[in-house]
Structure formats: C-alpha cells, structure tokens
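Descriptive structure summary
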Amino acid sequence: MHKFRILLGLFLFAFWFAKAQDIRVEPPNWWVGMTQSELQLLIRADDIGAFQVKLKKGRNQLIKKVHQADSPNYLFIDLDLSSVKKPEKLVFEFSNETSRFEYEYELRKLEFGSDKIEGFNSGDAIYLITPDRFVNGDESNDSVPGLKEQTVDRSHDYKRHGGDITGIIQAIPYLDDLGMTAVWSSPLLINDMAEQSYHGYAITDFYKVDPRFGSLQEYRLLADELRNRKMKLIMDQVNNHCGSNHWWMSDLPFSDWINGQEAFLDSGEITYSNHRRTTIQDPYAAQKDKDVMLEGWFVSAMPDLNHRNPFMARYLIQNSLWWIETLGLGGIRQDTYPYNDPTFMAEWAQAIQTQYPQFTIVGEEWSYNPLRVGYWQQSAPNVDGYESHLPSVFDFPLQKALVDALTNEESWDKGLVEWYTALSNDFYYPSPKALVFMGDNHDMDRLYTQLGEDIKLHHMALALMAMAPRTPQLYYGTEILMQNTAKPHDHGLIRSDFPGGWPGDEINAFSKVGLTAEQKATQILFTKLFQFRNRSEAMRFGETLHYAPNDGVYVISRFFENERLVLFLNKNEEDRQIDLSDYKELQGYDRYYDPINEVESSASELIRVQSRSFLLIQMKP
Ligand code: CA
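What counts as what
- Residues numbered from 1 in each chain as written.
- Predicted model: local features only at pLDDT ≥ 70, side-chain atom pairs only at ≥ 80, totals over all residues.
- Heavy atoms only, no water.
- Helix = DSSP H or I, 4+ residues; strand = E, 2+ residues; numbered from the N terminus.
- Rg over C-alpha atoms; globule rule 2.2 N^0.38 Å.
- Buried < 20%, exposed > 50% of the residue type's maximum accessible area, 1.4 Å probe, protein only.
- Contact = heavy atoms within 4.5 Å.
- Areas by Shrake-Rupley, 256 points an atom, 1.4 Å probe, with all protein chains shown as cover.
- Lys, Arg positive; Asp, Glu negative; His and termini not counted.
- Charge placed at Lys NZ, Arg CZ, Asp CG, Glu CD.
- Pairing = 2+ DSSP bridges.
- Axes fitted to C-alpha atoms, helices over the stretch in contact; angles between N-to-C directions.
- Donors = N, O, S within 2.8 Å, 3.2 Å for Na, K, Ca; no water.
- Tetrahedral: all angles 85-135°; square planar, octahedral: opposite > 155°, others 65-115°.
- Domains from an automatic or database assignment.
- Buried area = accessible area lost by both parts, 1.4 Å probe.
- Salt bridge = Lys/Arg side-chain N within 4 Å of Asp/Glu carboxyl O.
- Polar contact = N/O pair within 3.5 Å; in protein donor to acceptor, adjacent residues only side chain to side chain.
- Phe/Tyr/Trp six-rings, centres within 6.5 Å; stacked < 30°, edge-to-face > 60°.
- Lys NZ or Arg CZ within 6 Å of the ring centre and 35° of its normal.
- Expected span 1.5 Å × (residues − 1).

1. Overview of the overall build of the protein
What the protein contains, in helices and strands, is 16 helices and 24 strands. For 621 residues, the compact-globule formula gives about 25 Å, and the C-alpha radius of gyration of the protein, at 27 Å, lands near that figure. Considered along the principal axes of its C-alpha atoms, the protein spans approximately 105 × 60 × 50 Å. The buried share of the protein, taken over its 621 residues, is 59%. Within the protein, residue pairs in contact and separated by at least 24 positions form 71% of the contacts whose partners lie at least 6 positions apart. With an accessible surface of roughly 25700 Å², the protein has 50% of that area assigned to carbon and sulfur atoms. Of the charged side chains in the protein, 61 are positive and 88 negative; the average position of the first set lies 6 Å away from that of the second.

Listed below in structure tokens is the structure:
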C-alpha cells in the first residue's frame, strides 16, 4: 500500500510537471498598481478549456470571469487586481476529473509606472537601426539551432547578417557622440520564418526576443544603458499582423482570431489588402473596398490580426503595456498604422496614454498628403469625429518636400518653394513639432541616393533636418553617406551592413579607418549639427519664422526666449551676399556665432553664404 502511494505520488508529480511545462500564460507576469486594474490572461495548454480554475490562498475573488474559447486548448481569465496592494505570487489551480495542477503567476512591483516613463519629443533626435545590419556584437548567436533560418550570409542582401542587441549596446557611445538621443530599432522580437527573417516584421511570438538578436536581459540592458546616458529606447511594434509561423497559427483560439480565417484554414485562400488607404477617410468609399483594405493581408507570410475580436484587442493592448513597463521604453513606433482597425487603434493608444501619460507613440502612414497624415494625430479636427489618441505620425509629406526642394531646379513653383509651401501646412497639424521627420528610412531609398549622391545637397538636407520644427529621425549610415544607388528601391541594399559593425571590416565608421574624405566631413558635420541641436532650446522647442525663397536662397529662423537661430540655404552655383536689412525680424543683434565653423563675429548687415551650402548662425544681443 505504502509503495503504491509513492508510485501514485510520483505519477501525479510527473503529470503535474508535464502539464506545468506545456502551459503558456500571457502576459507572462503583471504589476500591482497599474491604472487599469483589470487583467486578462491567455492560457494555452492541451484541453485546458475543460479545466476548472481557482486561485488558492484565499485569492479566488480576484477571478472575475473565465472564458472558454472556440479551441478546447485555451482559456481566457479575467482578473480584477484593484484590491491587490502589494506584490505577490498568485497560485492558480487547474483541475478536471482526473488531474490537477498549479501555476504560479507573479504580480510585481511597478518599476517605472506613470511617473518615470517619458516618451520622445521634439527635443530628441532619433537614430533608426536595422539591427541585423548594424553591429554584430555577439557572433555566438549568429546561428541558433532549431530556428528555421540558420545561415548567416553577408553576401546576400536578404539573408541574415548577424547584427544583434549587443552590437547596438556597443555602439551607444558612438550614437551619443553623434548627438542622437533616442534609438529606434526595427523589431527585435522573434521571426521564426524560413526566409527574410532579418527584417523583423513577421513576429512569431509577441513576448519573445529573437535569440539571434539576443535575450530579454540583453534588450533590457540596451534600455538601461541608453537610460544611463539620458537616451530613449523606441520599440517597433506591429499590431496589424503576425508571422505565418506564429505559435498560435497551428491552433487558433477563436474562429475569428485572424481576418479571412475560415477561407484560409479551409483552402489556404488569402484575400490581400487592396492598399487603398484613402478608403479610411473617403466619405464616398464603398464598404467592400474599406473591408478589403483593413481585413486583407499584407503578404501570405503575414496573417492579418482581427482587432474586432475583443480578446485579440485586449491581448495586443496588454502586450504593449508589458513591453513599456518591462523595458522602461521611451516610445513605440507602430507599423502600418492605417491597416489596423481604427476603432481598436484609438482604444490601444488611449489605454497606453492612460497608463503612461508622458509616453509617445509614432504611427506610420506613408502618405504625401498632409490631410491624411494629420488625420491620425491626436486632437485632429476630423469631420468624421475620429480621435486617434496617437501623439505622433511620420511626416512623409515633408520628407518628399525636402528631396524635391533640393533636387528640383528653382522656378516659380519648384525647388525651395516646395519646402516652403510644405511647411506652411503646419497650420493644419494639431502638434507639428511632435511629427517625426526623416530624410529616409528602412523602406525607401537612402537620402544620399535620393539626392543624386550630391554631398552639398546632403549637407543642406542635414541642416534642414536639424532646424525643422519637428522631431528628426536619421537612418543609420546617413552620417557616412550610405547609399543604394546601384539598386534603387532594393530593401536588401537599403539595409546594408554598417561598416565597422563586423570584425575584420576594412572600413570602420566607428574608428573612421577607411572612410573617404567626404564621409569623414559628413560625419563631422552631422555630429556638430545634432550636438548643437541638443544644446539649443530654439532648435528643439522654439517658434518658427521663415521667408519666401528668393533667388535660390531660403531663410528660416527658430527662437526660444532670448535665443535666436537663423539658417540660410543657398542653392546657387555662386556665393550670395544676404542683406539682413531685407529681413526685419533678424535685425538688432550685435554678434553672430556660427556653431558649425565655431566662429564668432560682430554683426554686419551683409552675410555671405557660400554656393550650394548653408550657414547657421546664433544671434547674440
Ligand atoms: Ca550576432
């Protein structure tokens, strides 16, 4: 009898252990004292839907509701944590007629909470990184057994090259020196896809860091190391879709978890998005076009998530809150904003703002039409009443204007006037300075390529990026003239390896070994501009005044309290003498300081701006 009991005990222990191993609970932990005290746990384990759930240690009243899903292998548990005042471990007991097991769930102390989370703003300069292509700081993670794409091949534009989180950490002093104050890396979560897993946008587990990029601990170390230098970490998140190898694709919890689920599961049939993003605002758009836009898939490798399923909506909101609190984030960049359900996205952004009022999210709407970009910014006066709760949007219209202004020949309606006119659209945006303005990004031709590899234009573009009343974002390598001219629009080439990021690289942008004179000059100019920007309240937060371009010259001023800055752009093939008496608001100063050339001079009515160049001056009383 005694022996039997021991055997039975061993058997039950083994059963319990096996169960505990196979269970997935998400979010994997939570915190006490969150503004929103309700939490919904996703539980996945074989046949878990038929189990009873209890919380032990007298905590059962925290369970508000247990939901079964369409699949028998899921439960969703609603908890009300409003009565929980200090950290504790909740002990769940799952039982059915033949078995029973426990699961410990941790409620932690808030580390950051509402007070310590601050999002990026116009005082920041954001450096965008494609992590697989930036710095390979740890060669031991280049190939991870068990993942579908294991080879590293630097000669192939669309294969993995080995860059990682440790590499970004190693580069932080360099980025700080460049004057960058925030880092946005494209997604670092696992993409266990057979091909092109390097880009990061086909996430196969929303709670797991890709081991080829590193671990959760390394991601947190990146955030901490940035924080130590008062720099911010911006996380790239994707609500719209997951990767087709996402763990839930083999057993979806509900019959409407992804869009087009029935047809896809029955026959593999996929309806693709029509990409007609105008249907979202178009008062005349047919419902069918609107539906296909929102519910169609991007590509077959990226199933489109159904945000109208309330469990999915909750899952994504909690996932974002979990990452903000776990890493102490300084911002989220949200992918393909208009492809998401707009009602859900407003709910998502509002939930984040409610918890973290100083946080910032920037959404991607790749449109050159300011009306459509402005539509997504919070407090926009939208006639359909839509309120996004989204603090920032990428300024694609100004990006295009920047390139057009510099590359088009001057005429009545072309050239610098295109920038001048584009900036005038600021009357429409609720918060123009909050918009993120970039010369390029990981999806478009490199700025230097867009400018025809004209270094003078490139330098003028950098000056405008620092000076514009915006939050500037620079793509990695812009400071050393990285280009993709050989293959326009080629994503693989646009995301080329950063020189010096790999052991043995002959050219090294960190040590400057092997850089051309033009690259060195650009790196120095870039550093001067953005380091100066970090010291200049006028550039970061000031008011703006500009003058209509005249004779190939454009003048823009930023001012904040006693500080006044003026940027002169001269597109002409000859130097230009600027007569300040033509610019009433710029007069009355005794001295000028030129922070790029580091010269101070006494005021004179005539200011010389070299051909195809810019002059930045700080005016001093
Ligand atoms: Ca690596």
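2. Section: the sheet that holds strand 24 (residues 613–620)
Pairing is antiparallel across the open sheet formed by six strands, whose spatial order is 17-18-19-24-21-22. Of all the strands in the sheet, the pair left with one neighbour each is strand 17 (543–550) and strand 22 (599–602). Between one strand axis and the next, the sheet turns through 20 degrees on average, direction left out of account. Across seven bridges, the pairing between strand 19 (residues 563–570) and strand 24 is antiparallel. Across the sheet, Leu-567 pairs through a bridge with Leu-616, a residue of strand 24. Lying over the sheet, helix 13 (residues 455–467) contacts strand 18 (553–560), strand 19 and strand 24, oriented at roughly 155 degrees with respect to strand 19.

3. Observations concerning the coordination of the calcium ion
Only Asn-136 (OD1), Asp-138 (O), Asn-141 (OD1), Asp-142 (OD), Gly-162 (O) and Asp-164 (OD) from the protein coordinate the calcium ion, and they sit 2.3 to 2.5 Å from it. If you look at the calcium ion, its six donor atoms make angles of 64 to 163 degrees with each other, and the shape they trace is irregular. Each donor residue of the calcium ion belongs to the same chain, and together they define the spacing N-x1-D-x2-N-D-x19-G-x1-D. Pair noted here: Asn-141 is in the loop between strand 9 (126–129) and helix 3 (165–178) and Gly-162 is in the loop between strand 9 and helix 3, with a separation of 21 residues, a long-range link.

4. So, the domain arrangement of the protein
The assigned domain composition of the protein is domain 1 (16–110), domain 2 (126–535) and domain 3 (539–620). Counting residues at the interface gives 24 residues for domain 1, matched by 21 residues for domain 2. Note on domain 1 versus domain 2: buried area summed over both sides is about 2000 Å², and carbon and sulfur give 58% of it. The interface formed by domain 1 and domain 2 holds two salt bridges in total. A salt bridge links Arg-24 to Asp-205; the nearest nitrogen and oxygen atoms lie 3.2 Å apart. Counting the contacts that link domain 1 with domain 2 gives 13 residue pairs in polar contact (both at pLDDT 80 or more). For the side of domain 1 that touches domain 2, the secondary-structure elements that each account for two or more residues are strand 1 (24–26), strand 2 (30–32), strand 3 (38–44), strand 5 (63–68) and strand 6 (74–80).

5. Regarding the sheet that holds strand 6
Pairing in this open sheet of four strands is antiparallel, and the strands run 1-3-6-5 from one edge to the other. Every other strand in the sheet has two partners, leaving strand 1 and strand 5 as the edge strands with one partner each. Here the strands of the sheet are splayed against their neighbours by 20 degrees on average, with no regard to which way each runs. Here strand 1 pairs with strand 3 via three bridges, running antiparallel. Bridged to Arg-24 within strand 3 is Arg-44. Across the face of the sheet, helix 7 (residues 310–327) comes into contact with strand 1, strand 3, strand 5 and strand 6 while running at roughly 105 degrees to strand 3.

6. Some words on the packing of aromatic side chains
Evaluation of the coordinates by the stated rule reveals 43 aromatic pairs. Taking the centre distance of 6.5 Å and the plane angle of 70 degrees together, the rings of Tyr-158 and Tyr-198 count as edge-to-face. Here the residue Tyr-158 occupies a position in the loop between strand 9 and helix 3, and Tyr-198 occupies one in the loop between strand 10 (182–185) and helix 4 (216–228), the gap between them amounting to 40 residues. Exposure remark for Tyr-158: the relative accessible area of 24% places this residue in the partly exposed category. Ring centres of Phe-526 and Phe-530 lie 5.0 Å apart, and the angle between their planes is 45 degrees; on these two criteria the pair is classed as tilted. Here Phe-526 pairs with Phe-530, and both are found in helix 15 (residues 517–535), just four residues apart, close to one helical turn. Note on accessibility: Phe-526 and Phe-530 belong to one class, buried. Here Arg-24 stacks its cationic end above the ring of Trp-247, 4.0 Å away from the centre of that ring. Geometry around Phe-559 places Arg-564 over its ring, the cationic atom sitting 4.5 Å from the centre.

7. As for helix 15
The terminal C-alpha atoms of helix 15, which comprises 19 residues, lie 27 Å apart, in line with the 27 Å expected from a rise of 1.5 Å per residue. Taken as a whole, helix 15 has its buried residues at Gln-519, Thr-522, Gln-523, Leu-525, Phe-526, Thr-527, Leu-529, Phe-530, Phe-532 and Arg-533. At its buried positions, helix 15 is contacted by helix 3, helix 13, strand 16 (471–475), helix 16 (537–541), strand 19 and strand 24.

8. What to know about helix 13
In a regular helix each residue adds 1.5 Å, so 13 residues correspond to 18 Å; helix 13 covers 18 Å between its end C-alpha atoms and thus fits that length. Within helix 13, twelve of the 13 residues are buried, which leaves it mostly tucked inside the rest of the structure. What helix 13 keeps buried is the set Ile-455, Leu-457, His-458, His-459, Met-460, Ala-461, Leu-462, Ala-463, Leu-464, Met-465, Ala-466 and Met-467. Measuring from the backbone nitrogen of Lys-456 back to the side-chain oxygen at the start of helix 13 gives 3.0 Å, which picks out Asp-454 as the cap.

9. With respect to the environment of Lys-54
For Lys-54, the position within the fold is in strand 4 (residues 52–55). Taking relative accessible area as the criterion, Lys-54 reaches 44% and is therefore assigned partly exposed. In this structure, the C-alpha to C-alpha distance between Lys-54 and Glu-93, residues 39 residues apart in sequence, is 5.1 Å. Filtering out sequence-adjacent residues up to four positions away, Lys-54 remains in contact with Asn-60, Ile-63, Val-91, Phe-92 and Glu-93.

10. Focus: the pattern of salt bridges
Where charged atoms of side chains with opposite charge meet at close range, the side chains can pair. Applying the stated rule across the entire model yields 40 salt bridges. Taken together, the shared-partner salt bridges connect Lys-54, Lys-56, Glu-93, Arg-100 and Glu-102 into one network.

11. With respect to the side chain of Arg-564
The topology assignment puts Arg-564 in strand 19. This buried residue, Arg-564, is left without a salt bridge; Glu-585 holds the nearest opposite charge, at 7.0 Å. Within polar-contact distance, the side chain of Arg-564 engages the side chain of Tyr-589 at 3.1 Å. The contacts of Arg-564, once residues within four sequence positions are left out, are Leu-545, Ser-557, Arg-558, Phe-559, Glu-585, Leu-586, Tyr-589, Ile-617, Gln-618 and Met-619.

12. So, unusual backbone geometry
Between Glu-26 and the following residue, Pro-27, the backbone shows a cis peptide bond with an omega angle of 0 degrees. Examined against the element boundaries, Pro-27 turns out to sit in the loop between strand 1 and strand 2. At His-389, a position not held by glycine, the phi torsion is positive, near 60 degrees. Assignment of secondary structure puts His-389 in the loop between helix 9 (370–375) and strand 14 (392–393).

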